[in-house]
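# Commentary on secondary and tertiary structure
Okay, here's what each chain looks like letter by letter:
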Amino acid sequence: MDLSQLEYFRALAHIRHFTKAAASISISQSALSRSITKLENELGHPLFDRTGHEISLTPEGQRFLIHVERALSEIEEGRRELDHENDPQGGIINLSFIHSLGTYMLPVLLSEFKVQNPSTRFNLQQNDSTLLAQGLIDGTSDLCLGSTMITMKHIAWSYLYSEEIYITVPIHHRLADWEQAALKDIENEPFITMKPSYSLRILTNRVCALANVHPKIIFEGDDTNTIASLVASNLGVSLLPKIPGSDAIGIRQIHVSFPSCKREIGIAWNMTRPLSPAALRFHQFIVKRFADKRSSTVR
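A brief structural summary. Bear in mind that the values here come from a model prediction, so they are computed numbers and not experimental data.

Rules used in this analysis
Residues numbered from 1 in each chain as written. Predicted model: local features only at pLDDT ≥ 70, side-chain atom pairs only at ≥ 80, totals over all residues. Heavy atoms only, no water. Helix = DSSP H or I, 4+ residues; strand = E, 2+ residues; numbered from the N terminus. Buried < 20%, exposed > 50% of the residue type's maximum accessible area, 1.4 Å probe, protein only. Contact = heavy atoms within 4.5 Å. Patch = residues over 30% accessible without salt bridge, like charges linked within 9 Å, V, L, I, M, F, W, Y side chains within 5 Å. Areas by Shrake-Rupley, 256 points an atom, 1.4 Å probe, with all protein chains shown as cover. Salt bridge = Lys/Arg side-chain N within 4 Å of Asp/Glu carboxyl O. Phe/Tyr/Trp six-rings, centres within 6.5 Å; stacked < 30°, edge-to-face > 60°. Lys NZ or Arg CZ within 6 Å of the ring centre and 35° of its normal. Arc of directions from axis to C-beta. Core = buried A, V, L, I, M, F, W, Y, C linked by side-chain atoms within 4.5 Å. Pairing = 2+ DSSP bridges. Expected span 1.5 Å × (residues − 1). Axes fitted to C-alpha atoms, helices over the stretch in contact; angles between N-to-C directions. Parallel < 35°, antiparallel > 145°, perpendicular 65-115°, else oblique. Nonpolar A, V, L, I, M, F, W, Y, C, P; charged D, E, K, R; others polar.

Its place among the elements puts H283 in helix α10 (residues 277-298). Under the relative-accessibility criterion, H283 is labelled buried at 14%. Filtering out sequence-adjacent residues up to four positions away, H283 remains in contact with L143, I267, W269 and L275.

A few words on a nonpolar patch on the surface. Nonpolar side chains collect at one region of the surface, where I218, F219 and L235 lie side by side and expose about 270 Å² of accessible area between them. Relative to the helices and strands, L235 is located in the loop between α8 (224-232) and β10 (238-241).

Moving on: the pattern of salt bridges. As enumerated under the stated definition, the model contains 12 salt bridges in all. A salt bridge links E189 to R174; the shortest N-O distance between them is 3.1 Å. Taken together, the positions of E189 in the loop between β7 (180-181) and β8 (190-194) and R174 in the loop between β6 (155-170) and β7 put the pair 15 residues apart, joining distant regions of the chain. For D292, the salt bridge goes to K288, with nearest N and O atoms at 2.7 Å.

Moving on, we get to the packing of aromatic side chains. For the structure on display, the rule yields eight aromatic pairs. Three or more aromatic residues joined by ring pairs form one cluster here, namely F113, F122, F282 and F285. Between R289 and the ring centre of F290, over which it is positioned, the NZ or CZ distance is 5.0 Å.

Within helix α5 (residues 105-116), burial applies to M105, L106, L109, L110 and F113. Seen along its axis, α5 keeps its buried residues to an arc of 120°; they face one direction.

What follows covers the nonpolar core. With 29 residues, the main nonpolar core has I167, L183, I186 and L239 as its most contacted residues. Only β6, β8, α7 (199-210), α8, β10 and β11 (251-256) provide two or more residues apiece to this core. Looking at which element gives the most residues to this core, the answer is α7, with four residues. Setting aside residues no more than four positions away along its own chain, I186 makes contact with I167, L175, F191 and V237. If you look at the next biggest cluster of nonpolar residues, it comprises 28 residues, including L95, L109, A278 and A279.

The pairing of β6 with β11 spans four bridges and is classified as antiparallel. Paired with P170 across the two strands is I251, which belongs to β11. Two strands pair when backbone bridges link them, and β7 and β11 are joined in this way by two bridges, in the parallel orientation. By the bridge assignment for β11, A181 is matched with V256.

Let us look at helix α1 (residues 3-15). Taking 1.5 Å per residue as the helical rise, α1 with its 13 residues ought to reach 18 Å, and the 19 Å between its terminal C-alpha atoms agrees with that figure. Looking only at α1, the buried set comprises Q5, L6, Y8, F9, R10, A11, L12 and A13. Positioned one or two residues after α1, R16 has a phi angle of 60°, which is positive.

Structurally, F64 can be placed in helix α4 (residues 59-86). Spatially, the C-alpha atom of F64 lies 66 Å from that of E187, the residues being 123 residues apart in sequence. The contacts of F64, once residues within four sequence positions are left out, are M1, L6, F9, L39, L43 and L47.

The interhelical angle for the contact between α1 and helix α3 (residues 29-43), taken along N-to-C directions, is 110°, at an axis separation of 10 Å. One finds that α1 runs roughly perpendicular with respect to α3. Mapping the contact onto sequence places Q5, Y8, F9 and L12 in α1 and L32, S35, I36, K38, L39 and E42 in α3. Considering only residue class, the contact of α1 with α3 consists of six nonpolar, two polar and two charged.

Further remarks concern the environment of T148. Of note, T148 is situated in the loop between β5 (143-147) and β6. Owing to a relative accessible area of 44%, T148 belongs among the partly exposed residues under this scheme. When the C-alpha atoms of T148 and L275 are compared, they prove to be 20 Å apart, with 127 residues separating the residues in sequence. The residues touching T148, leaving out its near neighbours within four places in the chain, are W157 and E264.

Following F258, the chain continues into P259 via a peptide bond in cis, with omega recorded as -10°. Looking at the element boundaries, P259 is found in the loop between β11 and β12 (262-270). For S26, which is not glycine, the phi dihedral falls at a positive 60°. Within the element layout of this structure, S26 appears in the loop between α2 (18-24) and α3. Relative accessible area serves as the criterion here: at 67%, S26 is assigned to the exposed category. One non-glycine residue, N212, adopts positive backbone phi at about 55°. Counting through the fold element by element, N212 comes out in the loop between α7 and β9 (216-221).

Next up, the structure:
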């Protein structure tokens, strides 16, 4: 069977009238009838009940229509994607990112990029560092925004900017009015942090080891917003990147005086897979944006 047979079948299945269906797809009634008969012969099942003045789908025809609708829908979506790829400002980018970037940085970047590339579409995915790196390996991600990627063969990582990590406490905590504090100042506090596979947790473990601090972990979460909310509920303290509107949600974020608490944010990609034109444009946009920002800060 060919594509036209399926399209003719769908038209007749919806219209239930040979003359009207033939007119809707711009072929003769006899051509439509021959096509349907050929399709039924190939399948070995009657698809239409032609008794009486009206035609109707047989049970076999009803089941077959479900699959035809699905197949034609996928083909039409494929055509749209190909047309989209040929648009010089279009294309689809599979972009993955660490959870904390989704609250402030990522929306800004996508909004800025879409001003000049309005036809570009994004498939977005957030996860922990291990799974993000695996996505680049297996091709489900074109680009990944995150902290230093776990070392994996063929993964390239380019530095974009540094992000400060703050001691985060409830708004009425004893340290809430301090401008800075050392990790030793929260050593005996209930501690809320990310699960072990997340880059922020890896950083937290490292800086706590440097300060010879052994946090009393009471909860391990999957995203910074949940952790911030738990801190605001006076359940403990944490180490978190800047949380937008921190006062409004009931937390205070304090500069860490010792040790230095910063993490590097960069963009990663798989060197064995050539980037699509759209992904390459986004990569160039991101790298230039932060290079220009660093340059203006130095001046």
